[in-house]
Amino acid sequence: MFIRYPMHKNILSLISLLLLLSSCQNPKNAVPEEEAQIIETLQLETQYFCERKLAEWQNQWTHESYVSKMYAGKIGFEEFTNWEEIYQFTVDHINEFPDPIPIPESDQAYTVELFGETAFVFYTKEGEEGPVRETRFMVKEGDKWRIARMQTIY
């Protein structure tokens, strides 16, 4: 009888702790909602870029000091480490290629890893010369998810 009592007490303590911890988590339906908002931000950023809608495009990005963008491939590497560089690169690109371009099909499977007010998103899409791997780091500003880091490897 003496041996069972402490074990029983430990099990009850463990169950109580697990219930307490689970009550501190977001409701189960909040995660898919957050993921949907993140994916929508990514899709809107692509849409606005393709449509050459600069004002709407830039609203999908944070403008904080830690924002960055990187492209790496077989023949090149470019990195932009602040909002002014990212914005100017995009303005220059749109000035050089002002006509809207087709919005790519969005059938890629996104992997979203939430960490409170931040998230990593991973996906692969088909490019002209093979797969293109994308990683995005997202931050939540108020009730809006914004891109803080874009990393493209082709």
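Residues numbered from 1 in each chain as written. Predicted model: local features only at pLDDT ≥ 70, side-chain atom pairs only at ≥ 80, totals over all residues. Heavy atoms only, no water.

### Observations regarding the overall build of the chain
Here is step 1 of the chain: When helices and strands are counted, the chain shows four helices and six strands.
Here is step 2 of the chain: Helices and strands in the chain line up, N terminus first, as α-α-α-β-β-α-β-β-β-β.
Here is step 3 of the chain: Taken over 154 residues, the chain has a buried fraction of 31%.
Here is step 4 of the chain: Pairs at least 24 apart in sequence give 48% of the contacts found in the chain among residues at least 6 apart.
Here is step 5 of the chain: A total of about 10,600 Å² of accessible surface is found on the chain, and carbon and sulfur atoms cover 57% of it. (Helix = DSSP H or I, 4+ residues; strand = E, 2+ residues; numbered from the N terminus. Buried < 20%, exposed > 50% of the residue type's maximum accessible area, 1.4 Å probe, protein only. Contact = heavy atoms within 4.5 Å. Areas by Shrake-Rupley, 256 points an atom, 1.4 Å probe, with all protein chains shown as cover.)

### Quick look at the nonpolar core
Here is step 1 of the chain: Trp61, Val121 and Met138 are the most contacted members of the largest nonpolar core, which totals 20 residues.
Here is step 2 of the chain: Looking at this core element by element, the count peaks at four residues for helix α2 (residues 30-51).
Here is step 3 of the chain: The residues contacting Met138, other than those within four sequence positions of it, are Ile38, Thr41, Leu42, Glu117, Thr118, Ala119, Val121, Trp145, Arg146, Ile147 and Ala148. (Core = buried A, V, L, I, M, F, W, Y, C linked by side-chain atoms within 4.5 Å.)

### With respect to the layout of surface pockets
Here is step 1 of the chain: Roughly 1,400 Å³ of internal volume is contained in the largest pocket.
Here is step 2 of the chain: In terms of lining residues, the largest pocket is bounded by 42 residues, among which Tyr71, Lys125, Val132, Glu134 and Thr152 are the most central.
Here is step 3 of the chain: Looking at the lining of the largest pocket, the elements with two or more residues in it are α2, β1 (68-72), β2 (77-80), α4 (83-96), β4 (118-127), β5 (130-141) and β6 (144-153).
Here is step 4 of the chain: With eight residues, α2 is the single largest residue contributor to the lining of the largest pocket. (1 Å grid on protein atoms, 1.4 Å probe; cavity = no way out; pocket = protein on both sides within 12 Å on 5 of 7 lines; lining within 4 Å. Points joined across faces, edges and corners; volume = space filled by probe spheres on them.)

Worth remembering: the numbers are spatial, not functional.
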